[in-house]
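Here is how the chains run, residue by residue.
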Amino acid sequence: MSENQGRSGKRRPSRTRAGNPARSNTRPRQANRPNPAEAGLDPARVAARDVLRAVRERDAYANLVLPALLRERRLGERDAALATELAYGASRARGLLDSVIAHAASRPVEEIDGPLLDVLRLGAYQLLRTRIAPHAAVATSVDMVRAEAGPGKSGFVNAVLRRVSERTEADWVAELAPPADRDPMGNAAFRHAHPTWIAQAFHDALGADAGELDELLAADDARPAVHLVARPGEISADELALVTGGEVGPWSPYAVHLDGGDPGRLDAVREGLAGVQDEGSQLVARALVEAPLEGDDGGRWLDLCAGPGGKAALLGALAAVDGATVDAVEPSEHRADLVRSSTRDLPVTVHTVDGRSSGLEPGYDRILVDAPCTGLGALRRRPEARWRRRPEDVAGLVALQRELLAAAVALVRPGGVVVYATCSPHLSETIGVVGDAVRRHGLIGLDTGVTVPGVPRSTRPTPGRDGSAGTHVQLWPHRHGTDAMFFAALRRPGGAQ
Ligand SMILES: C[S@@+](CC[C@H](N)C(=O)[O-])C[C@H]1O[C@@H](n2cnc3c(N)ncnc32)[C@H](O)[C@@H]1O
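Computed from a predicted model, the values in this text were never measured in an experiment. (Residues numbered from 1 in each chain as written. Predicted model: local features only at pLDDT ≥ 70, side-chain atom pairs only at ≥ 80, totals over all residues.)

1. Thoughts on the overall build of the chain
Applied cut-off: Helix and strand assignments follow DSSP, with helices taken as H or I runs no shorter than four residues and strands as E runs no shorter than two, numbered in order from the N terminus. The globule rule is 2.2 Å times the number of residues to the power 0.38, and the radius of gyration it is compared with is taken over C-alpha atoms. Exposure criterion: with C-beta atoms placed from backbone coordinates, a residue whose C-beta has 20 or more other C-beta atoms within 10 Å is buried, one with 12 or fewer is exposed, and one in between is partly exposed.
Check the secondary structure of the chain and you find 20 helices and 13 strands. On C-alpha atoms alone, the chain measures out to a radius of gyration of 24 Å, which is about the 23 Å that the 2.2 N^0.38 rule sets for 497 residues. In terms of overall dimensions, the chain has a C-alpha envelope of 80 × 50 × 40 Å along the principal axes. Here the chain holds 497 residues, and the buried ones make up 51% of them.

2. Describing the nonpolar core
Selection criterion: Think of a nonpolar core as buried Ala, Val, Leu, Ile, Met, Phe, Trp, Tyr and Cys residues, each tied to the set through C-beta atoms within 7 Å. By the convention adopted here, residues are in contact when the distance between their C-beta atoms, placed from the backbone, does not exceed 7 Å.
In this structure, Ala83, Ile101, Val369, Ala408, Val419 and Tyr420 are the most contacted members of the largest nonpolar core, which totals 149 residues. Leaving out residues up to four positions away in the same chain, valine 369 has contacts with Leu304, Cys305, Leu404, Leu405, Ala408, Val418, Tyr420 and Ala421.

3. Structural notes on the UniProt feature "active site" (unreviewed entry) in the chain
Condition: UniProt positions are given in the numbering used here, feature names are shortened, and annotations may be inferred rather than shown by experiment.
Under the UniProt annotation, the feature "active site" (unreviewed entry) is placed at Cys423. Position of cysteine 423 relative to the elements: it lies in the loop between β9 (412-422) and α19 (431-441).

4. Focus on the sheet that holds strand β1 (residues 226-230)
Strand-to-strand pairing in sheets goes through backbone hydrogen bonds, with the strands running parallel or antiparallel. Stated precisely, the cut-off is as follows: In this description, strands pair whenever DSSP reports at least two bridges between them.
Spatially, four strands are ordered β2-β3-β1-β4 in an open sheet, and the strand pairing comes out antiparallel. The open sheet has two free edges, formed respectively by β2 (247-248) and β4 (274-276), since each of these has just one partner strand. With three bridges connecting them, β1 and β4 associate as antiparallel partners. For valine 229, the partnering residue across the bridge sits in β4 and is glycine 275.

5. Some details on the domain arrangement of the chain
Threshold: The source of the domain bounds is an automatic or database domain assignment. The nonpolar class holds Ala, Val, Leu, Ile, Met, Phe, Trp, Tyr, Cys and Pro. Asp, Glu, Lys and Arg form the charged class, and all remaining residues, Gly among them, are polar.
In terms of domains, the chain is made up of domain 1 (3-170), domain 2 (178-220), domain 3 (226-276) and domain 4 (279-491). The distance between the C-alpha centroids of domain 3 and domain 4 comes to 23 Å. Contacts between the two partners involve 11 residues from domain 3 and, on the opposite side, 14 residues from domain 4. In terms of residue class, the side of domain 3 that touches domain 4 is built from five nonpolar, five polar and one charged.

6. What to know about the packing of helix α1 (residues 43-58) against helix α3 (residues 77-92)
Test applied: The axes used here are C-alpha line fits, helices contributing only the stretch in contact, and every angle between their N-to-C directions lies in the interval 0 to 180 degrees. Here is the rule for handedness: rotate from the far helix to the near one, and if that takes an anticlockwise turn smaller than a right angle the crossing is left-handed, while a clockwise turn gives right-handed.
Two elements in contact, α1 and α3, have axes separated by 8 Å at closest approach and are oriented at 35°. Considering the relative orientation of α1 and α3, their crossing is right-handed. Across from Pro43, Ala44, Arg45, Ala47, Ala48, Val51, Leu52 and Val55 in α1, the residues of α3 making contact are Asp79, Leu82, Ala83, Leu86, Ala87, Ala90 and Ser91.

7. Description of the packing of helix α9 (residues 184-191) against helix α10 (residues 196-206)
Cut-off, in case you're wondering: Any angle between 65 and 115 degrees counts as roughly perpendicular, while under 35 counts as roughly parallel, over 145 as roughly antiparallel, and the rest as oblique.
At a minimum axis distance of 8 Å, the contact between α9 and α10 shows a crossing angle of 110°. The angle between α9 and α10 falls in the class roughly perpendicular. Only Thr196, Ala199, Gln200 and His203 of α10 make contact with α9, whose side of the interface consists of Met185, Gly186, Ala188 and Ala189. For the contact of α9 with α10, the per-class residue count stands at four nonpolar, four polar and no charged.

8. Points about the site of the ligand
Stated formally: Contact assignment follows one rule, namely that a residue is near a molecule or strand if its backbone-placed C-beta atom lies within 6 Å of it.
The local shell around the ligand holds 21 residues, among which Cys305, Gly307, Gly310, Lys311 and Gly355 are the closest. Considering only residue class, the shell around the ligand consists of nine nonpolar, six polar and six charged.

9. Quick notes on the pairing of strand β5 (residues 300-303)
The condition that has to hold: A clockwise path from the first strand over the helix to the second, with the strands pointing away from the viewer, defines a right-handed crossover.
Residues Arg300 and Leu302 line one face of β5 and the alternating positions Trp301 and Asp303 line the opposite face, and both faces are buried. Where β5 meets strand β6 (residues 325-329), four bridges bridge the pair, whose relative direction is parallel. Paired with tryptophan 301 across the strands is valine 326, a residue of β6. Following the chain from β5 across helix α15 (residues 310-322) to the adjacent parallel β6, one finds a crossover that is right-handed. Where β5 lies against strand β8 (residues 364-370), three bridges are found, and the strand directions are parallel. Looking across to β8, one finds that aspartate 303 is bridged to leucine 368.

10. Here's the deal with the pairing of strand β7 (residues 348-351)
Judged by which residues are buried, β7 turns out to be one-sided: Val348 and Val350 face inward and are buried, whereas Thr349 and His351, on the alternate face, are not. Where β6 lies against β7, four bridges are found, and the strand directions are parallel. Across the sheet, residue aspartate 327 finds its bridge partner in β7, namely threonine 349. The parallel pair β6 and β7, bridged by helix α16 (residues 333-342), forms a crossover whose chirality is right-handed.

11. Focus: α3
Rules: Given the number of residues in a helix, its expected span is that number minus one, multiplied by 1.5 Å.
The first and last C-alpha atoms of α3 sit 22 Å apart over 16 residues, in line with the 22 Å expected at 1.5 Å per residue. Those residues of α3 lying buried are Ala80, Leu82, Ala83, Thr84, Leu86, Ala87, Tyr88, Gly89, Ala90, Ser91 and Arg92. Of the surrounding secondary structure, the elements contacted by the buried residues of α3 are α1, α2 (62-73), α4 (94-105) and α5 (114-129).

12. Describing the confidence of the model for the chain
To keep it simple, the criterion reads: Looking at any residue, its pLDDT shows the predictor's confidence there, from 0 to 100.
In this model, the chain carries a mean pLDDT of 91, and residues with pLDDT of at least 70 account for 91%. Interface confidence for the predicted complex, given as ipTM, is 1.00, next to a pTM of 0.91.

As structure tokens, this is what we get:
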């Protein structure tokens with residue numbers, strides 16, 4: 001499945017040690033599936049298992065499935081926290097867990113029945129990456145399988161997890177990771193549960209700071225803090241921190257950090273005073289408003305890739321304070337509806353059109369192109385994404401990013417500003433696209449760092465023909481505690497002073 005399974009497939013201990021063969025055409029007996037409560041199963045683990053199953057069977061997004069499932073089943077706070085930790089943690093670590101499971105089961109994970117594999121991933125995660133007592137991790141996994149699929153299959157799960165429990169994560173890594181001297185990138189990627197191509201992309205983007213790769217991968221593999229945005233005009237970050245028990249974020253004037261918990265339960269979020277938004281994303285929206293224009297700001301702003309509406313909501317709130325208006329473009333009906341709902345009562349008009357041919361009237365003062373991208377910078381918050389994305393995805397996205405940036409250039413007025421942003425640090429999606437636009441359209445690269453004053457070690461020169469590409473901002477989880485957001489502010493020349 002992942003390229004990190006690497007050596008596990010090559011060295012297989014005897015097939016008999018893991019008990020019953022797991023591959024079977026017989027699905028768990030859905031029709032006879034017992035009610036988990038009646039079967040005495042732990043609701044948190046059942047919820048986590050169901051998330052892993054939805055991700056595997058229907059390519060679902062864990063961070064969309066889990067909250068809905070927690071609400072539907074009315075899990076208490078403790079159970080919800082455990083379900084979240086297990087579902088997200090096991091999704092993030094999937095490649096590493098699969099290598100260990102394959103070794104312990106003496107067969108590739110592709111030969112293990114999907115529903116059993118979900119439980120094995122959950123069990124292996126608890127054994128290797130939590131403080132849950134090993135007997136509890138094994139017993140709850142075995143119970144789940146026995147209740148659904150019978151004693152034969154639960155024996156197999158028992159045997160595999162017992163073998164997993166014989167070593168620590170560090171021991172398994174020492175056994176299964178590619179050797180550091182011959183394949184340092186593969187080794188670092190394996191240790192921190194990342195596909196190698198993503199570790200390589202991070203390495204390339206770090207450039208002269210590539211020595212920080214290990215620290216970056218470790219931060220990217222950890223549970224992120226919850227970031228809230230205090231809606232300007234509604235509540236200040238200080239007030240929000242007070243009512244939520246959180247801490248004011250270090251960089252964005254609107255940010256509050258929480259250690260964990262379900263932000264959907266907070267009154268401030270339910271009442272629309274605050275939203276959930278990574279602090280790096282807040283800085284992107286702020287950069288659009290702070291970037292220096294030539295001439296006056298006529299108050300016509302455009303968010304060209306707006307769905308699901310996080311930045312549009314912050315831009316709308318800032319526009320309301322400044323007396324500006326925002327047009328928000330999103331071609332997907334469903335996502336456009338999400339933008340409408342997140343910008344209700346704000347001076348934002350949503351257009352369900354393609355940003356490359358929006359038909360909107362040119363002459364905008366400020367345009368944000370928060371382009372569709374691989375999302376490699378937000379892997380902490382999209383648990384399964386690292387194992388789903390493929391290197392082949394990059395080229396198609398880069399083509400779309402270039403077209404969207406060209407469309408923005410055609411819509412911005414002379415002297416106006418376009419901020420190009422991605423939640424990916426991949427060089428092809430970032431400075432590749434920006435450098436190309438500067439060359440093709442004769443844009444002026446601005447010093448993007450001035451839009452985020454006080455954020456250390458974030459600004460870099462964008463390589464350009466003659467330095468005209470300006471500087472961009474690259475944020476990193478290990479340095480800034482944010483997603484790895486990239487953004488660059490570009491001005492269309494020719495504005496009258
Ligand atoms: C990175 S997301 C934007 C996130 C958003 N700005 C926010 O803060 O919530 C990129 C968005 O671009 C949209 N998109 C994809 N193709 C597009 C196109 N041709 N024109 C405009 N938007 C597009 C996607 O549907 C997606 O909602």
